[in-house]
Structure formats: structure tokens, C-alpha cells
Amino acid sequence: IECLGVYTSGGDAPGMNACLRAVVRTAIANDIAVMGIRRGYEGMIEADFVEMERRSVSNILQSGGTILKSARSEAFRTEEGRRAAANSLRENGIDALVAIGGDGTFRGASKLYDEHGLGVVGCPGTIDNDLYGTDQTIGYDTALNTAIDNIDRIRDTADAHNRLFLVEVMGRDAGFIALNSGIGGGAELILIPETITEMDMVKERILSLMTAQRRSTIVVVAEGDELGGAQGIERALRDDAAFSDIELRSTILGHTQRGGAPTASDRVLASRLGVAAVESLMDGHSDVMVGMTNNEIKLTPLRNVYGRRKSIDYDLLKLTQILS
Ligand code: ATP
């Protein structure tokens, strides 16, 4: 490898900067030049490249977001768009890539490899934790801790007034944040996209908790739950006379979960995966994602990462029934 290109793409996640830093410094330590590609595939097509040195990544380990910026690109979904991207890379001497992002990012990277023979290794960067091939993704631990911190605060005020709170956390297709923040925050009920949720069951459970035990109740719901997130549930409860005496509040945590300084665990994960990505490319691997399973680096073909679904831990779900 003469010159390595690195980019962040799709939804941003805390720890992407730590990963970028590790990629840049590992490449330089091995005498490989590094170009930062700004704004993901958008910047790749437009040749928005910036030369990276050791100093370019000073003091970013602890910061959220991504200094390279992220973007979504419609043009890159087309063959012409990807040809333009491959040409920009070649014209600037970039002969290998590290992609930091989620499954969409990897689908695109795989096509670049298939159609133009560009070596590429992916690093899992998404708060959703929904990538097959790694126990945790970069950004997930931070998002989870932010969610728990918020649930704790809501618990204080919920307790003071004996209220029912519906707390919506991120997760359009995956319930990792909801399930784990719900357990960590002591939620009475957790609703996730992976399971079938029936409104009658939800109502019954809430009523039995609130009337029999007369205590504050917190329901954690993933945004992608089929009942329509916190607002969908709130509407249904407000339409039901059985809930007319219950003080009900909804909170959508939203983008607070994407921001903030990465936790220690995310920083270490991001650093290890960044180093492993460059080393894997140097060893001749391509079209793979570097992940961490059981505390060991593992390579998974990109097509398996986006082709398979990572399962939630159903034992954890059972746990909430005992604990709440
Ligand atoms: P997250 O799910 O965390 O937001 P992501 O990487 O899945 O991250 P996407 O917006 O799905 O985010 O994908 C990022 C970019 O990758 C898209 O804007 C698009 O340019 C490219 N991409 C996604 N899917 C494909 C595909 N099937 N073919 C080519 N390019 C794709």
C-alpha cells in the first residue's frame, strides 16, 4: 500500500475520531501515506481529500462526532457515481481504504471492491450495535450510557409525582440500546422492534404496575417498535378511559444519544479496531470488517456483515420480567 484513504460515513457515532486517529497513526508508523476523505462517499466523488499527518489527529481521541464529517450520498448508489469515486481515488494515488460506518457504508465499500478492485477494510461505527461480526460497535457503549443517564434523571422526577414515563431511545430496526438501557435504568417495561408488541399487553402491564403497586413507572421503547414509539403509545393510552387518572409523560431522547465524549470502552475499542484495520490491509485482507468478539479481533466478510442479522440476547429480555 502506498497511500491509504480513510472516511467516516452514514450516521456519526462517538469514537469515530478515536478510530480515525488509530488508522492514521498506524499507517504512518508503517510508512504508508494517509489521505482523509471528507463527507464520506460525497467527498470521495468530489475528491474532497486532506493529507493526514500524525498531528492532524492530535487531541481528537476524546471528542464526539467526526472531524472528517459524514454524509449520505445518493450519487454513490449508482454505477457512474462509484466510477467517479474510483477515478478520484486513483488520480490522487489512493490504493486502499478504511471505511468507518454502518451497513450501508459497507454495502457501498463492497461494490467499490467488486467493481474497481480497491482494497477496503471496514470498522464498525454506529450507535445502534446492529452489525453482525462484532460484539459491540464503536459508539454503542457511549449511546447506551447517555440513555441510562437520562433514564436515571427521569426516574427522579417520575418518583416524585408517581407518574408514568414513556422514554424513547434510538433504534429503528434494533433494540440493543432499548434493552440494555432499560435493564440498566430499571425500566418496568421494555419494547423493542425484534419482538411482537401488543397494545393490550402493554396497557395491562402498566395498569397492574401502577394501580396495584402505586409507584412511578418507566417504559423504555425503541423508536422502531411497531406501536409507533413513545408518541404512538401515548396516543393509544390517552384514548383509553382506564388511563385518565394516570399522569403520563413522553420523552424522546433523540440526538443526545449520538453526541458526547466516547466512554473509555468505546475509545479502547475504536483504537484497537483502527489499528487492526490497517494491519489487516497490510496482510492482504480486503472486503472484510474488523470486529471484536470475546475480546479478540475477528475478520468478517462485508457481505456477511450486511447480509446477516445480529440477534439480541433473548435471555436479557426475560430478565426484565423478573426484575421489574
Ligand atoms: P447508520 O446505519 O449507522 O446510519 P450506514 O453506514 O448504514 O450507517 P447509510 O446511510 O445506510 O448509513 O449508508 C451510507 C452511505 O453508503 C449512503 O449514503 C450511500 O452513499 C452508501 N450506500 C448505502 N447502501 C448502498 C448500496 N446498496 N450501494 C451503494 N452504496 C450504498
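Anything mentioned here points back to the structure above.
Presented here is an overview of the structure given in this document. It should be emphasised that the depicted structure is a prediction, and the values quoted were computed from it without experimental measurement.

Some details on the overall build of the protein
No. 1: When you go through the protein residue by residue, the secondary structure sums to 11 helices and 11 strands.
No. 2: Computed over C-alpha atoms, the radius of gyration of the protein comes to 22 Å, within 12% of the 20 Å expected from 2.2 N^0.38 for 324 residues, which places it in the range of a compact globule.
No. 3: Overall, the C-alpha framework of the protein stretches about 70 × 35 × 30 Å when taken along its three principal axes.
No. 4: Expressed as a percentage of the 324 residues in the protein, the buried residues total 49%.
No. 5: Long-range pairs, those at least 24 residues apart, make up 75% of the contacts in the protein with a sequence separation of at least 6.

Description of the packing of helix H5 (residues 140–161) against helix H6 (residues 176–184)
No. 1: Packing of H5 against H6 leaves a shortest axis separation of 9 Å and a crossing angle of 45°. Considering the angle they form, H5 stands oblique to H6. Here H5 and H6 pass one another in a crossing that is right-handed. Of H6, the residues touching H5 (which contributes Tyr140, Ala143, Leu144, Ala147, Ile148 and Ile151) are Phe176, Ile177, Asn180, Ser181 and Gly184.
No. 2: Here the contact of H5 with H6 is built from residues that sort into eight nonpolar, three polar and no charged.

Topic: the sheet that holds strand S8 (residues 217–222)
No. 1: One open sheet holds the four strands; their spatial order is S7-S8-S6-S9, and the pairing between them is parallel. Sheet topology places strand S7 (189–191) and strand S9 (248–252) at the edges, where each strand pairs with a single neighbour. Direction aside, the axes of adjacent strands within the sheet are offset by 15° on average.
No. 2: Judged from the three bridges that link them, S7 and S8 form a sheet pairing that is parallel. Looking at the pairing, Ile190 lines up with Val220 of S8.

So, unusual backbone geometry
No. 1: In this model, Lys69 sits at a positive phi of 65°, which is unusual for a non-glycine residue.
No. 2: Within the fold, Lys69 resides in the loop between strand S3 (49–52) and helix H3 (79–91).
No. 3: Look at Lys69 and you get partly exposed, because 18 C-beta atoms sit within 10 Å.
No. 4: Positive phi values are uncommon outside glycine, yet Asp287 reaches one of about 60°.
No. 5: Locating Asp287 in the fold gives a position in the loop between helix H9 (264–282) and strand S10 (288–293).
No. 6: Judged by C-beta crowding, with 19 C-beta atoms within 10 Å, Asp287 ranks as partly exposed.

Comments concerning the pairing of strand S1 (residues 3–8)
No. 1: Within S1, five of the six residues are buried, leaving the element largely enclosed by the surrounding structure.
No. 2: Sheet analysis places S1 next to strand S2 (residues 33–37), joined by five bridges and oriented parallel. Residue pairing in the sheet places Val6 in a bridge with Gly36 of S2.
No. 3: Handedness of the β-α-β unit built from S1, helix H1 (residues 16–29) and S2 comes out right-handed.
No. 4: Bridge count for S1 against strand S4 (residues 96–101) is five bridges, and the pairing is parallel. The residue of S4 that forms the bridge with Leu4 is Ala96.

What about the site of the ligand?
No. 1: As a matter of local geometry, the ligand sits amid 18 residues, with Gly10, Gly11, Gly102, Gly104 and Gly108 nearest to it.
No. 2: Residue classes in the shell around the ligand are distributed as two nonpolar, 10 polar and six charged.

Thresholds, definitions, all that
- Residues numbered from 1 in each chain as written.
- Predicted model: local features only at pLDDT ≥ 70, side-chain atom pairs only at ≥ 80, totals over all residues.
- Helix = DSSP H or I, 4+ residues; strand = E, 2+ residues; numbered from the N terminus.
- Rg over C-alpha atoms; globule rule 2.2 N^0.38 Å.
- Buried ≥ 20, exposed ≤ 12 C-beta atoms within 10 Å, placed from the backbone.
- Contact = placed C-beta atoms within 7 Å.
- Axes fitted to C-alpha atoms, helices over the stretch in contact; angles between N-to-C directions.
- Parallel < 35°, antiparallel > 145°, perpendicular 65-115°, else oblique.
- Left-handed = near helix turned anticlockwise from the far one by under 90°.
- Nonpolar A, V, L, I, M, F, W, Y, C, P; charged D, E, K, R; others polar.
- Pairing = 2+ DSSP bridges.
- Right-handed = clockwise from strand over helix to strand, strands pointing away.
- Near = placed C-beta within 6 Å.

By themselves, these are just geometric observations and shouldn't be taken as functional.
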